[in-house]
Amino acid sequence: MTYDHSNIFARILRKEIPSRTVYEDDYALAFHDIAPQAPIHVLVIPKGPYVSIADFSATASAEEITGFWRAVAKVAEDEGLTKEGFRLISNSGANSGQEVPHFHVHLFGGTTLGPLLSKKS
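Since the model is a prediction, treat every value here as computed from it, not as a measurement.

Rules and cut-offs
- Residues numbered from 1 in each chain as written.
- Predicted model: local features only at pLDDT ≥ 70, side-chain atom pairs only at ≥ 80, totals over all residues.
- Heavy atoms only, no water.
- Pairing = 2+ DSSP bridges.
- Helix = DSSP H or I, 4+ residues; strand = E, 2+ residues; numbered from the N terminus.
- Axes fitted to C-alpha atoms, helices over the stretch in contact; angles between N-to-C directions.
- Expected span 1.5 Å × (residues − 1).
- Buried < 20%, exposed > 50% of the residue type's maximum accessible area, 1.4 Å probe, protein only.
- Contact = heavy atoms within 4.5 Å.
- Phe/Tyr/Trp six-rings, centres within 6.5 Å; stacked < 30°, edge-to-face > 60°.
- Core = buried A, V, L, I, M, F, W, Y, C linked by side-chain atoms within 4.5 Å.

Asker: An account of the sheet that holds strand β2 (residues 28-32) is requested, with residue identities and associated values reported.
Answerer: Strand pairing in a sheet takes place through backbone hydrogen bonds and is either antiparallel or parallel in direction. Across the sheet, which stays open at both edges, the five strands sit in the order β1-β2-β3-β5-β4 with antiparallel pairing between neighbours. In this open sheet, the two strands that pair with only one neighbour each are β1 (21-24) and β4 (86-89). Pairs of neighbouring strands in the sheet enclose a mean axial angle of 20 degrees, with direction left out of account. Two strands pair when backbone bridges link them, and β4 and strand β5 (residues 105-109) are joined in this way by four bridges, in the antiparallel orientation. Following the sheet pairing, Arg87 is matched in β5 by Phe108.

In structure tokens form, the structure reads like this:
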């Protein structure tokens, strides 16, 4: 997958599309998912043009990587999820169901979460 500068997250970063922002700093932007799968469902995206976690870890600076993961932890804390627990998911590539070619993590919480993967027959 190559980075597409017209993807929806790139457009949100450029403020071309509004989002319900919960956190922003020099390294990351966090906002509510438009189709939440849990009472709290926030997407956290790095500000750089990275397609996947593999791309991000291979090409982002150490400062960007540290700043991004600190932002993820701050959002979890700000959303009140650190005491009861939360789940992070990042899809990478077609087989995972990644829909937007911009690295991001889903932060889920606010309820007891079910199994990580549903069983398929």
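Asker: Please set out helix α3 (residues 62-78) residue by residue, giving values where relevant.
Answerer: Each α-helix turn comprises 3.6 residues. Residues three or four places apart therefore point the same way. Helix length check: α3 (17 residues) gives 24 Å between terminal C-alpha atoms against 24 Å at 1.5 Å per residue, within 8%. For α3, every residue scored as buried is listed here: Gly67, Phe68, Ala71, Val72, Val75 and Ala76. Where α3 is buried, its residues meet β1, β2, β3 (40-46), α2 (53-59), β4 and β5. The first or second residue beyond α3 is Gly80, which carries a positive phi of 75 degrees.

Asker: Let's hear about the packing of aromatic side chains: which residues, and what values?
Answerer: We describe a pair of aromatic rings using the distance from one ring centre to the other and the angle between the two ring planes. Scanning the model with the defined rule gives seven aromatic pairs in all. Cluster of aromatic residues (ring-pair linked, three or more members): Tyr50, Phe56, Phe68, Trp69 and Phe103.

Asker: Account for unusual backbone geometry, naming residues and giving values.
Answerer: Look at Lys15: it is not a glycine, yet its phi comes out positive at around 65 degrees. On the secondary structure map, Lys15 appears in the loop between α1 (8-13) and β1.

Asker: Describe the nonpolar core, and please don't skip the residues or the numbers.
Answerer: Membership of the largest hydrophobic core comes to 18 residues, with the highest contact counts inside it found for Val42, Val44 and Phe68. Every element with two or more residues in this core is listed here: β2, β3, α3 and β5. Broken down by element, the residue count for this core peaks at five residues, all from α3. Sequence-distant contacts of Val42, defined by excluding residues within four places in its chain, comprise Val22, Ala30, Phe31, His32, Asp33, Val75, Glu79, Val105, His106 and Leu107.

These results come straight from atomic positions and should not be treated as a statement about function.
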